[in-house]
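Below are the chains, spelled out letter by letter.
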Amino acid sequence: MSAIVNTMPQGKISIGKRLGTIVTYILLVLVSLIILFPLLFAFSIALQGQTLTPQLLPDLTQLDWGVFVRVLAQQPDLPRWILNSFVVSFLVTVGILVTSSLAAYAFAFLNFWGKPIFFAIVMGTMMIPFEATLVPNFLLILHLNWTDSYQGLVLPFLAGGFGIFLLRQYFMTIPPELQEAAKLDGCGHFRFLWSFLLPLARPALATLGLYTFITTWNQFYWPLLVTNESTWRTTQIGIAIFHSSEVNFLNTQMAATLIVVLPTLLPLIFGHRQLVRGLTAGIIK
């Protein structure tokens, strides 16, 4: 078989590889356009002006770039909503990374009584829908008088079974000889976690962080339940109210949606490499 391949002209092989590469890139571009079509169509509608029958493509000679300024003028609380969502998403992400790292280290490297039982309980929490915990969490926040506050929006989400499971599975791939060598050098648990495990687990941490940030940003029911004042609303609540008040103007609706979507795209754009590494970690031995 190798002899047959060697006798083939090198030019035909190179042309075949180039054609294959071109076809692959064309398919990737087509798939990317299909995935990005909703975002591109929303951007097209936003630039078409106040129309009730938007077209697929806007008139390039009459693009309405001022719609984004008008959205901010019509809803002055929109920057505050974005700030609230960013602060809440950031604090929840940091809390999840800290608590998940500590708990995952305990389940992966420490030996203590009832370890399998506690880990089974952590896994069991993943089977409980969040809607089942809405009332107890709301009563707790109401009792603490934390409605219309960052702590009320953040507290119920500072720990989660998914993050513990993800990091624990990643820590299990670390050779135990590394911990033994660190102990011989006088390295304690926290030093070993901070100096060795967390740098090695950056792909998993990035995956968990991006997932947590976007999930928290898109929350609707909990912010709706614990916020009453407009200044404490998050983007999802504010945009829903804005859409109901601007139902006749699709361009302002799409412009407001694009303004809200942009902060969630930035972490994906700058962290996509770590995200891909985290999702594919462990596939290749």
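Residues numbered from 1 in each chain as written. Predicted model: local features only at pLDDT ≥ 70, side-chain atom pairs only at ≥ 80, totals over all residues. Heavy atoms only, no water.

1. Section: the overall build of the chain
So, step 1. In terms of helices and strands, the chain carries 14 helices and zero strands.
So, step 2. Going through the 285 residues of the chain one by one, you find that 35% of them count as buried.
So, step 3. In the chain, once contacts between residues fewer than 6 apart in sequence are set aside, the share between residues at least 24 apart is 72%.
So, step 4. A total of about 17800 Å² of accessible surface is found on the chain, and carbon and sulfur atoms cover 71% of it. (Helix = DSSP H or I, 4+ residues; strand = E, 2+ residues; numbered from the N terminus. Buried < 20%, exposed > 50% of the residue type's maximum accessible area, 1.4 Å probe, protein only. Contact = heavy atoms within 4.5 Å. Areas by Shrake-Rupley, 256 points an atom, 1.4 Å probe, with all protein chains shown as cover.)

2. Thoughts on the packing of helix α4 (residues 78-109) against helix α11 (residues 202-217)
So, step 1. Two numbers describe how α4 lies on α11: the axes approach to 8 Å, and their chain directions differ by 140°. With respect to the hand of their crossing, α4 and α11 are arranged in right-handed fashion. Only L205, L208, G209, T212, F213, T216 and W217 of α11 make contact with α4, whose side of the interface consists of I82, S85, F86, V88, S89, F90, V92, T93, I96, L97, S100 and S101.
So, step 2. A per-class count over the contact of α4 with α11 returns 11 nonpolar, eight polar and no charged. (Axes fitted to C-alpha atoms, helices over the stretch in contact; angles between N-to-C directions. Left-handed = near helix turned anticlockwise from the far one by under 90°. Nonpolar A, V, L, I, M, F, W, Y, C, P; charged D, E, K, R; others polar.)

3. Notes on the environment of F118
So, step 1. Secondary-structure assignment places F118 in helix α5 (residues 115-125).
So, step 2. Along the chain, F118 and F107 lie 11 residues apart, while their C-alpha atoms are 8.9 Å from each other.
So, step 3. Setting aside anything within four residues of it in sequence, one finds F118 in contact with F107, F112 and W113.

4. Topic: the UniProt feature "transmembrane region" (unreviewed entry) in the chain
So, step 1. Residues annotated in UniProt with the feature "transmembrane region" (unreviewed entry) correspond here to residues 22-47, 86-110, 117-141, 153-171, 192-214 and 252-270.
So, step 2. A distance of 33 Å separates the end C-alpha atoms of residues 22-47, which is 96% helix and 0% strand.
So, step 3. The span residues 86-110 shows a helical share of 96% and a strand share of 0%, and its end C-alpha atoms are spaced 35 Å apart. (UniProt positions renumbered as here; feature names shortened; annotations may be inferred.)

5. Regarding the side chain of Q219
So, step 1. Here Q219 shows up in the loop between α11 and α12 (221-226).
So, step 2. The residues contacting Q219, other than those within four sequence positions of it, are F157, T234 and Q236.

6. Things to note about the nonpolar core
One broad trend across soluble globular proteins is that nonpolar side chains are buried collectively.
So, step 1. Counting residues in hydrophobic clusters, the biggest one holds 28 residues, and the most contacted among them are Y105, F109, L167, F171, F192, L197 and W222.
So, step 2. For this core, the secondary structure elements donating two or more residues are α4, α6 (134-143), α7 (150-154), α8 (161-171), α10 (189-200), α11 and α12.
So, step 3. Per-element accounting of this core gives the leading share, seven residues, to α4.
So, step 4. Excluding anything up to four places from it in sequence, L197 contacts Y105, F109, F171, I174 and F192.
So, step 5. Counting 16 residues, the second-largest nonpolar core is a separate cluster that includes A42, A46, W217 and I259. (Core = buried A, V, L, I, M, F, W, Y, C linked by side-chain atoms within 4.5 Å.)

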